[in-house]
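Read off the chains here:
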Amino acid sequence: MNKFLLRFMQTGAAIPFSAFIWLLSYAGFDQTFWMSSLYGFIGGGVMFFGLGSYLQRRFMEKNRLTMKEYKYIKRNLKEANVKINRIQKSLFSIRHIRSLKQRMELLRLVKNIQKLSNREPRRFFKAEQFYFSHLDSIMELSEKYAFLSSQHTKNRELEYSLQDTQDTLKDLTKIVEKDLNYMLEEDLDHLNFEIDVAKHSIKKQTEIPDETRRLK
């Protein structure tokens, strides 16, 4: 669940509830200003953390996750964020214009997988190979590529290493694309099913007037 959105909802509920408790204590139960403020603060805290716990539980139920699974996924996604930032920094530092489009495509695919996993954590389990193997390879290769391309002195061996690294990153781009497609496999199957149903319905509706004209 988006942390910013969660905090916004918690704060949006806690502040008016805190004010209501203060007003109820001060005007309704004749409490002092400071005691009413204390009750309001406690009430706002209860609303803030209670709502956060409720929304998180609903989010886990929606994604069919246990607390242990959710914490496991969150930990790995946090580690992946660090790796993705390193990849982005490396890929943007490379001055090789001809490979720019391919590098941007690789970064786009990586970020799409991360975005999907953040929005729907259960999808993480379909992308474990990406997170525990492919992402590390991309990070290491992109940093190696950035380092080698920054060298002012170029020789045949260095040029070969640069080309080899670039070709390997191209291959990894194709692999990451397959990772993303695998994550979306069920959605694509569902979409194709809905398209088939819609086509069948359209065909059935167009056949009815033809049969009516034949009867006339």
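Residues numbered from 1 in each chain as written. Predicted model: local features only at pLDDT ≥ 70, side-chain atom pairs only at ≥ 80, totals over all residues. Heavy atoms only, no water.

Colleague: For this particular structure, what's the right way to read the packing of aromatic side chains?
Modeller: Geometrically, a pair of aromatic rings is defined through the distance of the ring centres and the angle of the planes. Counting across every chain of the model gives 10 aromatic pairs. For the pair Phe 33 and Trp 34, a centre-to-centre distance of 5.2 Å together with 85 degrees between the ring planes defines the contact as edge-to-face. Given a relative accessible area of 68%, Trp 34 falls into the exposed group. Arranged with centres 5.2 Å apart and planes meeting at 80 degrees, the rings of Phe 48 and Phe 49 form a pair that is edge-to-face. For Phe 49, a relative accessible area of 61% puts it in the exposed group. Here a set of aromatic residues connected by ring pairs shows up, and it is made of Tyr 72, Phe 124, Phe 125, Phe 130, Tyr 131 and Phe 132. One residue, Lys 126, lies across the ring of Tyr 182, its end atom 4.4 Å from the ring centre. (Phe/Tyr/Trp six-rings, centres within 6.5 Å; stacked < 30°, edge-to-face > 60°. Buried < 20%, exposed > 50% of the residue type's maximum accessible area, 1.4 Å probe, protein only. Lys NZ or Arg CZ within 6 Å of the ring centre and 35° of its normal.)

Colleague: Teacher, can you tell me more about the nonpolar core here?
Modeller: The nonpolar side chains of a soluble globular protein tend to be buried with one another. Residues Val 110, Ile 113, Phe 130, Tyr 131, Leu 135 and Val 176 are the most contacted members of the largest nonpolar core, which totals 35 residues. By residue number, the principal contributor to this core is helix H5 (residues 128-149), which donates 9 residues. Apart from the residues lying within four places of it in its own chain, the contact partners of Phe 130 are Val 110, Ile 113, Leu 135, Val 176 and Asp 179. (Core = buried A, V, L, I, M, F, W, Y, C linked by side-chain atoms within 4.5 Å. Helix = DSSP H or I, 4+ residues; strand = E, 2+ residues; numbered from the N terminus. Contact = heavy atoms within 4.5 Å.)

Colleague: Could you clarify how one ought to interpret the side chain of Asn 63 in this entry?
Modeller: As for its position among the elements, Asn 63 is in the loop between helix H2 (33-62) and helix H3 (67-93). A distance of 2.9 Å separates the side chain of Asn 63 from the backbone oxygen of Phe 59, its partner in a polar contact. Every residue in contact with Asn 63, bar those within four places of it in the chain, is listed here: Glu 120, Pro 121 and Arg 122. (Polar contact = N/O pair within 3.5 Å; in protein donor to acceptor, adjacent residues only side chain to side chain.)

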